[in-house]
Amino acid sequence: MKGLFLFPLRGKEWGRKLLYLGLFWLAGGLVPVIPWLFVGGYFAAVVRKVVRDEGEKLPEWQDWNRFIVDGIRLLGAGLIFFLPLGLFFSTAFSLYFGTSIAGIALARGGKEIASLLTSFGGLLFYGWCLTVGMLLSLLLGLVAWPAITYMILEERFSALFEVKAWWKIVRANPGGYLIAMFLFWGVIIAFQVISQGFFFTVVLCVFLPVIYAVAMPYLTLITAGLVGQVYRESLEALGKTVSSGMEV
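Not measured: the values here are computed from a predicted model.

Chemist: It is not clear to me how helix α4 (residues 64-108) should be interpreted in this structure. Could you clarify?
Modeler: Each α-helix turn comprises 3.6 residues. Residues three or four places apart therefore point the same way. A maximum bend of about 50° is found in α4 at phenylalanine 82, where proline proline 84 lies one to four positions downstream. In this fold, the buried residues of α4 make contact with α3 (34-51) and α5 (112-154). The first or second residue beyond α4 is glycine 110, which carries a positive phi of 85°.

Chemist: Would you mind going over the packing of aromatic side chains with me for this structure?
Modeler: Taken as a whole and assessed by the stated rule, the structure comprises 19 aromatic pairs. With a centroid separation of 4.2 Å and 5° between ring planes, the pair formed by tyrosine 42 and tryptophan 61 is classed as stacked. Of this pair, tyrosine 42 sits in helix α3 while tryptophan 61 sits in the loop between α3 and α4, placing them 19 residues apart in sequence. We note that tyrosine 42, like tryptophan 61, is buried. Ring plane angle 70° and centroid distance 6.0 Å describe the contact between phenylalanine 88 and phenylalanine 89, whose orientation is recorded as edge-to-face. Residue classification places phenylalanine 88 among the partly exposed residues on the basis of a relative accessible area of 26%.

Chemist: Mind showing me how you'd approach a nonpolar patch on the surface here?
Modeler: Residues Leu30, Val31, Val33, Ile34, Leu75, Leu79, Leu83 and Leu87 make up a contiguous nonpolar surface patch of about 760 Å² in total accessible area. A per-element tally of the nonpolar patch places α4 first, with four residues. For leucine 83, the position within the fold is in helix α4.

Chemist: It is not clear to me how the nonpolar core should be interpreted in this structure. Could you clarify?
Modeler: Nonpolar side chains tend to gather and get buried jointly when the protein is soluble and globular. The biggest cluster of nonpolar side chains holds 54 residues, and the ones touching the most others in it are Tyr42, Ile148 and Tyr231. Secondary-structure elements contributing two or more residues to this core are α2 (14-28), α3, α4, α5, α6 (163-172), α7 (174-199) and α8 (208-237). For this core, the leading source of residues is α8, giving 11 residues.

Chemist: Looking at this structure, I do not really get the pattern of salt bridges. What am I missing?
Modeler: Two side chains that carry opposite charge are able to pair once their charged atoms sit near each other. For the structure on display, the rule yields 11 salt bridges. For the salt bridge of aspartate 70 with arginine 73, the shortest nitrogen-to-oxygen distance reads 2.8 Å. Here the residue aspartate 70 and the residue arginine 73 both occupy positions in helix α4, the gap between them amounting to three residues, near one helical turn. Overall, aspartate 70 belongs to the buried group, its relative accessible area being 3%. Two residues, arginine 156 and glutamate 162, come together in a salt bridge whose shortest N-O distance is 2.9 Å. On the accessibility criterion, arginine 156 (31% relative accessible area) is partly exposed. Judged by its relative accessible area of 27%, glutamate 162 is partly exposed. Through salt bridges with shared partners, one network takes in Arg48, Arg66, Asp70, Arg73 and Glu155.

Chemist: I tried to follow the environment of phenylalanine 120 on my own but got confused; where do I start?
Modeler: Topologically, phenylalanine 120 is positioned in helix α5. A residue is classified by how much of its surface remains accessible, and phenylalanine 120, at 49% relative accessible area, is partly exposed. Each C-alpha atom of the pair phenylalanine 120 and threonine 99 lies 8.7 Å from the other, and the pair is 21 residues apart in sequence.

Chemist: Explain α2 here, please?
Modeler: Between its first and last C-alpha atoms α2 spans 21 Å; for 15 residues at 1.5 Å apiece the expected length is 21 Å, and the two agree. By the burial criterion, the buried members of α2 are Lys17, Leu18, Leu21, Gly22, Phe24, Trp25 and Gly28. Along α2, the residues classed as buried sweep out an arc of 160° about the axis, all on the same side.

Chemist: Can you help me understand the side chain of threonine 220 in this one?
Modeler: In this structure, threonine 220 sits in helix α8. Once residues within four sequence positions are removed from consideration, threonine 220 is found in contact with Leu21, Trp25, Val39 and Phe43.

Reading the values: rules and limits
- Residues numbered from 1 in each chain as written.
- Predicted model: local features only at pLDDT ≥ 70, side-chain atom pairs only at ≥ 80, totals over all residues.
- Heavy atoms only, no water.
- Bend = angle between axes of the 7 residues up to and from the residue.
- Helix = DSSP H or I, 4+ residues; strand = E, 2+ residues; numbered from the N terminus.
- Contact = heavy atoms within 4.5 Å.
- Phe/Tyr/Trp six-rings, centres within 6.5 Å; stacked < 30°, edge-to-face > 60°.
- Buried < 20%, exposed > 50% of the residue type's maximum accessible area, 1.4 Å probe, protein only.
- Patch = residues over 30% accessible without salt bridge, like charges linked within 9 Å, V, L, I, M, F, W, Y side chains within 5 Å.
- Areas by Shrake-Rupley, 256 points an atom, 1.4 Å probe, with all protein chains shown as cover.
- Salt bridge = Lys/Arg side-chain N within 4 Å of Asp/Glu carboxyl O.
- Core = buried A, V, L, I, M, F, W, Y, C linked by side-chain atoms within 4.5 Å.
- Expected span 1.5 Å × (residues − 1).
- Arc of directions from axis to C-beta.

As structure tokens, then:
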């Protein structure tokens with residue numbers, strides 16, 4: 001745990017590298033997609049270093065063409081794996097919002113019982129969708145992480161669909177991937193709680209952009225370190241060297 005959370009602070013000039021990553025994250029809020037391609041490319045570079053056990057320092061900001069190509073691959077992989085889940089959550093929230101509006105309309109029409117049943121039913125349905133969505137997120141993570149890591153190492157988008165190859169990685173270390181997923185979601189939830197606390201505080205909300213610029217690159221690097229580490233451990237469980245494991 002200590003090594004994981006100190007991972008973004010390794011090597012010389014880690015502050016400068018983290019600053020560049022934060023600037024790309026912020027730029028992504030102003031210019032659609034393109035800055036975040038560089039974020040994805042840097043994420044891929046970090047994953048490669050960790051899998052190869054070269055994570056003693058962060059990669060340099062260079063080889064920009066490679067960053068762009070890796071970022072495009074990651075964007076495509078993210079759409080394949082997580083777009084359906086995003087649509088599921090969006091649909092669930094839309095239905096919940098619709099039942100809330102319907103409940104208010106029924107209440108104004110004097111139909112209090114129907115209003116209560118509609119609103120309560122919508123809330124129960126939304127709660128059920130959140131539960132199912134979290135379980136689906138966990139299952140998707142168990143599949144997406146090794147598949148995307150394999151794609152990053154092979155440097156081919158088609159590697160994402162070589163299920164037989166990367167499924168060996170999952171079977172070699174399912175417990176490691178489960179622990180990694182719980183750690184990942186724990187960190188994300190903690191960040192959400194802290195950011196919401198700042199958002200609802202009038203005085204502190206002005207610091208949100210600064211927090212975002214620091215937290216997002218830090219979370220990106222922690223995730224990359226976690227993904228690379230569990231993949232490397234899976235290769236070791238298979239009795240493979242990193243180089244041969246990348247060619248499976």
